[in-house]
Amino acid sequence: MTGDGKSDAAPAGRGSQRLAETVAELIEKDIVKEGWRTGSVLGSERELIERYGVSRAVFREAVRLIEHHQMARMRRGPGGGLVVTEPDPGIVRDAARVYLRHAAVNRRQLFEARMALELAGVTTAIEKLTESGIARLTDALETERELIERGVTLGHARHLHRVIAELAGNPAITLFVEVLAQLDQDMVQDEWETDGRPDEGNREAAVESHQAHQAMVAAIVAGDAPLAQHRMRRHLQAVAELLKNES
Ligand SMILES: [Zn+2]
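Residues numbered from 1 in each chain as written. Predicted model: local features only at pLDDT ≥ 70, side-chain atom pairs only at ≥ 80, totals over all residues. Heavy atoms only, no water.

Asks: Help me get a handle on the overall build of the protein, residues and values and all.
Replies: Per the secondary structure count, the protein includes ten helices and two strands. Beginning at the N terminus, the succession of helices and strands in the protein can be written as α-α-α-β-β-α-α-α-α-α-α-α. The C-alpha radius of gyration computed for the protein amounts to 23 Å, which surpasses the reference 18 Å derived for 247 residues by more than 25%, pointing to a less compact arrangement than a globule. The buried share among the 247 residues of the protein stands at 39%. For the protein, the proportion of contacts with a sequence separation of at least 24, taken over those separated by at least 6, is 73%. Element-wise, carbon and sulfur atoms account for 52% of the exposed surface of the protein, whose accessible area totals about 13900 Å². (Helix = DSSP H or I, 4+ residues; strand = E, 2+ residues; numbered from the N terminus. Rg over C-alpha atoms; globule rule 2.2 N^0.38 Å. Buried < 20%, exposed > 50% of the residue type's maximum accessible area, 1.4 Å probe, protein only. Contact = heavy atoms within 4.5 Å. Areas by Shrake-Rupley, 256 points an atom, 1.4 Å probe, with all protein chains shown as cover.)

Below is the structure:
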């Protein structure tokens, strides 16, 4: 419960708003307890109002909160009711991105956070590595090489980092690696808009980071965790050193 919507001019008073939040929390707990089965119907509006023992106004406010949390939505009409949904990772990522921009995170801080996440990710990725994982890493390197050849020098390197994070099989690492990489890309784009886009130096940096990626993948495929970590750390430090001095 985050207290979203408190600023909205709800017709109900403060007490009803608190009650709606409590009911939303109860319903969300029930969704989780029942295994978060996307598409299943929790009950009709009438049934749920009875089950949770609240007024229609309070119930509808609770539904508004639950819909905002992307855990369920009310489907009208016959066979309708509160239907369990799943959160859209894109919306979650965008929200985190907006929040971090608002909090005025700088690129150095992003790199600090990325370092911690990606070093953990690389170790777990090695522990869980399968043949298909190796194929995905190889594909990612190949895609990256093609992008650089075609002159793409922004966003080309994100794919490999995402694949490594996904191979670690930890949704928290995947989510935040994605958010941080996207945010870093946004900031580079902003810099280009202000200072103009660098050409040759940029291509050089892209080729260098591609080589670092190749070395990293080689260590991962060899199952050498300390070496893979060392290469990831060196790679991220090299990228961070390209940054302008930021406080
Ligand atoms: Zn990289």
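Asks: Break down the pattern of salt bridges for me, with residues and values.
Replies: Tallied over the full model, the rule gives 18 salt bridges. We note a salt bridge from glutamate 45 to arginine 76, for which the minimum N-O separation is 4.0 Å. In this pair, glutamate 45 sits in helix α2 (residues 45-52) while arginine 76 sits in the loop between β1 (72-75) and β2 (81-84), placing the two residues 31 residues apart along the sequence. Through salt bridges with shared partners, a single ionic network connects Arg93, Arg136, Arg162, Glu166 and Glu178. (Salt bridge = Lys/Arg side-chain N within 4 Å of Asp/Glu carboxyl O.)

Asks: Tell me what's going on with the pairing of β2, and back it up with residues and numbers.
Replies: With four bridges joining them, β1 and β2 adopt antiparallel strand pairing. Note that in β2 the partner of methionine 74 across the bridge is leucine 82. What sits between β1 and β2 in their antiparallel hairpin is a turn of five residues, with glycine 77 showing a positive phi close to 90°. (Pairing = 2+ DSSP bridges.)

Asks: Would you mind going over the domain arrangement of the protein in detail, with residue names and values included?
Replies: Looking at the protein, the domain boundaries give domain 1 (14-84) and domain 2 (89-241). Taking only C-alpha atoms into account, the centre of domain 1 sits 39 Å from that of domain 2. (Domains from an automatic or database assignment.)

Asks: How would you summarise the coordination of the zinc ion if you had to cite specific residues and measurements?
Replies: Within the first shell, the zinc ion binds the protein through His161 (NE2), His213 (NE2) and His235 (NE2), at distances of 2.0 Å. Written as a sequence motif, the donor residues of the zinc ion are H-x51-H-x21-H. With histidine 161 in helix α7 (residues 158-167) and histidine 213 in helix α9 (residues 200-221), this pair connects stretches of sequence that are 52 residues apart. Both residues of the pair, histidine 161 and histidine 213, count as buried. (Donors = N, O, S within 2.8 Å, 3.2 Å for Na, K, Ca; no water.)

Asks: Explain unusual backbone geometry residue by residue, including any values.
Replies: Despite not being glycine, glutamine 70 shows a phi value in the positive range, around 60°. Turning to its location among the elements, glutamine 70 is positioned in the loop between α3 (56-68) and β1. For alanine 104, which is not a glycine, the phi torsion comes out positive at approximately 55°. One can find alanine 104 in the loop between α4 (89-102) and α5 (107-127).

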